[in-house]
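In case you want the letters, here they are:
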Amino acid sequence: QVQLVESGGGLVQAGGSLRLSCAASGRTLSSYVMGWFRQAPGKEREFVAGLSWTGGNKDYGDSVKGRFTVASDIPKNTVYLQMNNLKPEDTAVYYCAAGWVAGRSEGYYGYWGQGTQVTVSS
């Protein structure tokens, strides 16, 4: 079993930057893939970014390519989402997830954090 805790959300102006962290504990993550999803009120949960726990196989949703980067820090058991040039449309609750098959579907991920709110003002 894996426990995930997100942090780093907050309020930021359009064009600004924010860095989210996901601290993992429990079973070793060497065979896992990690993903970031987001969900705005009234909308479906959306894939943002993903990577293997070891740092490879990085993938990004179309709406964030070129602005967001994802990385893992194995000694700290932490995965990060660096968000640059934020837009109001990025406003959502952001969730960290762990799964066993790389992909953009929620169904590939069995462990989820509680979420952290990101609000981008115009």
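Everything below is about the structure printed above this text.
Residues numbered from 1 in each chain as written. Predicted model: local features only at pLDDT ≥ 70, side-chain atom pairs only at ≥ 80, totals over all residues. Heavy atoms only, no water.

A.B. asks: In this structure, what is going on with the state of the cysteines? I would like to understand it.
C.D. replies: A covalent bond between the sulfur atoms of two cysteines is referred to as a disulfide. Taken as a whole, this structure holds one disulfide when the rule is applied. The residue that forms a disulfide with cysteine 22 is cysteine 96, at a sulfur-sulfur distance of 2.1 Å. The sign of the -80° torsion about the S-S bond sets the cysteine 22-cysteine 96 disulfide as left-handed. You can see cysteine 22 sitting in strand β3 (residues 18-26) and its partner cysteine 96 sitting in strand β9 (residues 92-99), a full 74 residues away along the chain. Note on accessibility: cysteine 22 and cysteine 96 belong to one class, buried. (Disulfide = S-S within 2.5 Å. Helix = DSSP H or I, 4+ residues; strand = E, 2+ residues; numbered from the N terminus. Buried < 20%, exposed > 50% of the residue type's maximum accessible area, 1.4 Å probe, protein only.)

A.B. asks: Help me understand the environment of tyrosine 94, please; the structure alone is not making it clear to me.
C.D. replies: Among the structural elements, tyrosine 94 can be located in strand β9. In sequence terms tyrosine 94 and serine 7 are 87 residues apart; their C-alpha atoms lie 9.5 Å from each other. Beyond its immediate sequence surroundings of up to four residues, tyrosine 94 is in contact with Glu6, Leu20, Phe37, Arg38, Val48, Phe68, Leu81, Met83, Gly115, Thr116 and Val118. A polar contact of 2.9 Å, which involves the side chain of tyrosine 94, links it to the side chain of arginine 38. (Contact = heavy atoms within 4.5 Å. Polar contact = N/O pair within 3.5 Å; in protein donor to acceptor, adjacent residues only side chain to side chain.)

A.B. asks: Help me understand the nonpolar core in this model?
C.D. replies: One broad rule of soluble globular proteins: the nonpolar side chains tend to lie buried together. Counting 28 residues, the largest nonpolar core has Trp36, Val79, Leu81, Met83 and Tyr94 as its most contacted members. Of all elements in the fold, only β1 (2-7), β3, β4 (33-39), β5 (46-52), β7 (68-73), β8 (78-83), β9 and β11 (116-121) reach the threshold of two or more residues within this core. Of all hydrophobic cores here, the second largest spans five residues; its members include Val33, Phe37, Ala97 and Tyr109. (Core = buried A, V, L, I, M, F, W, Y, C linked by side-chain atoms within 4.5 Å.)

A.B. asks: Sorry, what's going on with the packing of aromatic side chains here?
C.D. replies: Inspection of every chain in the model, using the stated rule, returns five aromatic pairs. Considering the side-chain rings of phenylalanine 37 and phenylalanine 47, the 5.6 Å spacing of their centres and the 80° angle between planes classify their relative orientation as edge-to-face. Placement of phenylalanine 37 in strand β4 and of phenylalanine 47 in strand β5 is noted, with a sequence separation of ten residues between them. What makes phenylalanine 37 buried here is its relative accessible area of 1%. Taking the ring centre of tyrosine 95 as reference, the NZ or CZ of arginine 45 above it sits at 4.1 Å. The side chain of arginine 45 reaches across the aromatic face of tryptophan 112, ending 4.9 Å from its centre. (Phe/Tyr/Trp six-rings, centres within 6.5 Å; stacked < 30°, edge-to-face > 60°. Lys NZ or Arg CZ within 6 Å of the ring centre and 35° of its normal.)

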